Every structure is written in structure tokens, then in C-alpha cells.
Amino acid sequence: MSDNPGSPSLLSRLIERVFPKMPDFFAMLTLQCRHVAQTAGLLVEFMETAAPDIGRQIRKDEHEADRVKIHNLHALNEAFSTPIDREDLYRAIMDLDEVVNYCKTTVSEMEVLQLDPDKHCLEMAMHIKLGTDALLQGFTRLAKEPAQAAEDADLARKAERRVEKAYRRAIADLFQGDDYIHMFKRREIYRHLSNAADRMAHCANTLHDIVVKMC
């Protein structure tokens with residue numbers, strides 16, 4: 001007797017069990033990038049306002065980012081095949097998550113150390129936001145327009161270099177005084193922002209590597 005109309009055949013069910021349907025990794029990375037860009041936008045708002053509610057939202061975003069990371073890693077581990085090199089997928093997932101982690105760490109430590117945002121924090125946050133927006137556009141276009149995605153990767157790397165220039169200016173300004181306790185506190189915040197940009201650049205490099213392998 002045949003299966004019910006509209007239900008999958010025994011053979012199709014067997015094939016699906018042995019060779020499960022491949023997850024849409026392009027869509028998964030795009031979703032993760034969208035979340036990162038959202039958090040980076042909140043970071044800019046925090047540096048403009050120092051509003052505690054925005055800090056709380058960033059910490060909430062970090063918990064959601066962990067959930068997205070775990071979901072994507074599980075899909076990667078379970079996938080029979082992938083449209084992108086597995087190592088590249090893993091690097092992209094982890095580096096995107098680290099950008100959010102550093103945004104959260106920056107805000108949390110500023111609150112613990114009782115430090116207000118300054119112009120250097122705002123400048124670095126704005127460049128991080130521009131870089132994460134470029135990554136979002138790049139991963140969104142990756143499946144159908146890989147050449148354009150490579151251009152977006154370049155934009156993200158340029159944003160990282162601007163963060164590093166802002167970081168060096170910030171350190172130069174910081175060590176003009178003699179309040180060493182404040183210097184060391186503020187320097188930690190600058191370093192977290194620099195690290196967020198560094199992870200952003202790593203992800204841009206991975207995006208470019210994926211493009212090269214696809215083209």
C-alpha cells in the first residue's frame with residue numbers, strides 16, 4: 001500500500017535521514033551579522049548618551065548572540081555538507097560573536113569603573129558600526145553577488161584601520177596627565193573597543209577568503 005497522498009515516500013524519508021537537507025548557511029550568517037550590527041548601533045548610542053537602559057540592552061543582546069552562535073555551531077556540526085568551507089564558517093561564526101562580546105565587555109566595565117564615554121570611545125564605536133554594517137551587506141550578498149561581497153569585506157577592513165588610528169590618538173591624549181589610575185581604567189576601555197574592531201577585521205578576512213573560494 002502506498003503512503004498517504006501528499007506525504008513523503010519511504011525512499012525520500014530514508015534519503016533525508018541518511019543525507020539530511022543542508023541548512024541555509026548564507027541566511028544563518030546574514031542573521032548573525034544583522035544581530036552584530038544591531039549591537040554595534042546600540043554601542044554608538046551608549047557612547048552618545050551613557051544611558052543605563054542601553055547598556056542593559058547590549059547585555060541582553062550578548063545573551064541572544066550566544067544563542068545564535070550555539071545554534072549556528074550546532075547546524076555546522078550536524079551538516080552532512082556545506083556550501084562554504086567548514087573552517088571558514090566556524091571562523092565567521094566565532095568572530096562575529098566576539099564582536100558582540102567586546103561590545104558588552106566595554107559597556108559593563110565602563111559602568112563598573114564609573115567611566116563616562118568620551119569622544120574617542122564614540123569615534124571608535126562609530127567606525128565599528130560602519131564596519132559591521134559592511135559585513136552585514138557582504139554576507140547578505142555573498143550567495144548571489146560574491147564579487148560585491150569582497151568589496152564589503154574591504155570596507156570592513158578599512159573601518160578597522162580607522163578604529164586603530166583613533167585608538168592610537170586616544171592613547172596619546174590619555175597619557176598627557178598624571179592621574180595614573182584613571183589612565184589605566186580608560187586604557188582598558190579603549191583596548192576592548194580595539195579588540196572588537198580586530199575581530200571585525202578577522203571576520204572581513206574570512207568573508208574575503210570565502211569569496212575567493214567561490215569565484
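K.L.:
Sorry if this is basic, but what is going on with the overall build of the chain here?
P.N.:
Scanning the chain for helices and strands turns up seven helices and zero strands. In the chain, the succession of helices and strands from N to C terminus is α-α-α-α-α-α-α. For the chain, the spread of C-alpha atoms along the three principal axes comes to 85 × 35 × 20 Å. Counting across all 215 residues of the chain, residues that qualify as buried make up 46%. The long-range fraction of contacts in the chain, counting pairs at least 24 apart against all pairs at least 6 apart in sequence, stands at 81%.

K.L.:
Explain the pattern of salt bridges to me, please; I cannot follow it from the model alone.
P.N.:
Side chains bearing opposite charge may pair, as long as their charged atoms lie close to each other. Scanning the model with the defined rule gives 14 salt bridges in all. Across the pair arginine 186 and aspartate 118 runs a salt bridge, and its minimum N-O distance is 3.8 Å. Taken together, the residues arginine 186 in helix H7 (residues 180-214) and aspartate 118 in the loop between helix H4 (86-112) and helix H5 (119-141) connect sequence positions 68 residues apart. For arginine 186, a relative accessible area of 7% corresponds to the buried category. Salt bridges sharing partners connect three or more residues here, namely Asp88, Arg91, Asp209 and Lys213.

K.L.:
Sorry if this is basic, but what is going on with the nonpolar core here?
P.N.:
Looking at soluble globular proteins, one finds that nonpolar side chains tend to be buried together. Counting residues in hydrophobic clusters, the biggest one holds 65 residues, and the most contacted among them are Leu135, Phe139 and Leu142. It is helix H2 (residues 25-49) that provides the largest number of residues to this core, a total of 13 residues. With near-sequence residues (within four places) excluded, leucine 142 lies in contact with Phe26, Ile84, Ala149, Leu207, Ile210, Val211 and Met214.

K.L.:
Just to check I follow, could you spell out unusual backbone geometry for this structure?
P.N.:
Glycine aside, residues mostly have negative phi, and peptide bonds are mostly found in the trans state. For alanine 50, which is not a glycine, the phi torsion comes out positive at approximately 60°. Mapping alanine 50 onto the fold places it in the loop between H2 and helix H3 (52-78). Positive phi values are uncommon outside glycine, yet glutamine 114 reaches one of about 60°. Following the sequence through the fold, glutamine 114 ends up in the loop between H4 and H5.

K.L.:
Help me out: how do you make sense of the environment of glutamate 64 in this one?
P.N.:
Summarising the element assignment, glutamate 64 is placed in helix H3. With 137 residues separating them along the chain, glutamate 64 and alanine 201 place their C-alpha atoms 22 Å apart.

K.L.:
Quick question: what am I supposed to make of a nonpolar patch on the surface here?
P.N.:
Taken together, the side chains of Phe175, Tyr180 and Phe184 make up a nonpolar region of the molecular surface, amounting to roughly 340 Å² of accessible area. Take phenylalanine 175: it is sitting in the loop between helix H6 (146-174) and H7.

K.L.:
I tried to follow H5 on my own but got confused; where do I start?
P.N.:
Structurally, the α-helix is built with 3.6 residues per turn, so residues lying three or four positions apart point the same way. Helix length check: H5, at 23 residues, gives a terminal C-alpha distance of 33 Å against a target of 33 Å (1.5 Å per residue), a fit within 8%. The opening residue of H5, the one whose side-chain oxygen lies 3.1 Å from the backbone nitrogen of histidine 120, is aspartate 118.

K.L.:
Can you walk me through the state of the cysteines in this structure?
P.N.:
Here is the idea: a disulfide is a covalent bond, and it sits between the sulfur atoms of two cysteines. For the structure shown, the criterion picks out zero disulfides. Here cysteine 103 stays unpaired: no disulfide links it, and the sulfur of cysteine 121, its closest cysteine neighbor, is 12 Å away. Note on cysteine 121: relative accessible area 0%, which makes it buried.

Definitions and cut-offs
Residues numbered from 1 in each chain as written. Predicted model: local features only at pLDDT ≥ 70, side-chain atom pairs only at ≥ 80, totals over all residues. Heavy atoms only, no water. Helix = DSSP H or I, 4+ residues; strand = E, 2+ residues; numbered from the N terminus. Buried < 20%, exposed > 50% of the residue type's maximum accessible area, 1.4 Å probe, protein only. Contact = heavy atoms within 4.5 Å. Salt bridge = Lys/Arg side-chain N within 4 Å of Asp/Glu carboxyl O. Core = buried A, V, L, I, M, F, W, Y, C linked by side-chain atoms within 4.5 Å. Patch = residues over 30% accessible without salt bridge, like charges linked within 9 Å, V, L, I, M, F, W, Y side chains within 5 Å. Areas by Shrake-Rupley, 256 points an atom, 1.4 Å probe, with all protein chains shown as cover. Expected span 1.5 Å × (residues − 1). Polar contact = N/O pair within 3.5 Å; in protein donor to acceptor, adjacent residues only side chain to side chain. Disulfide = S-S within 2.5 Å.

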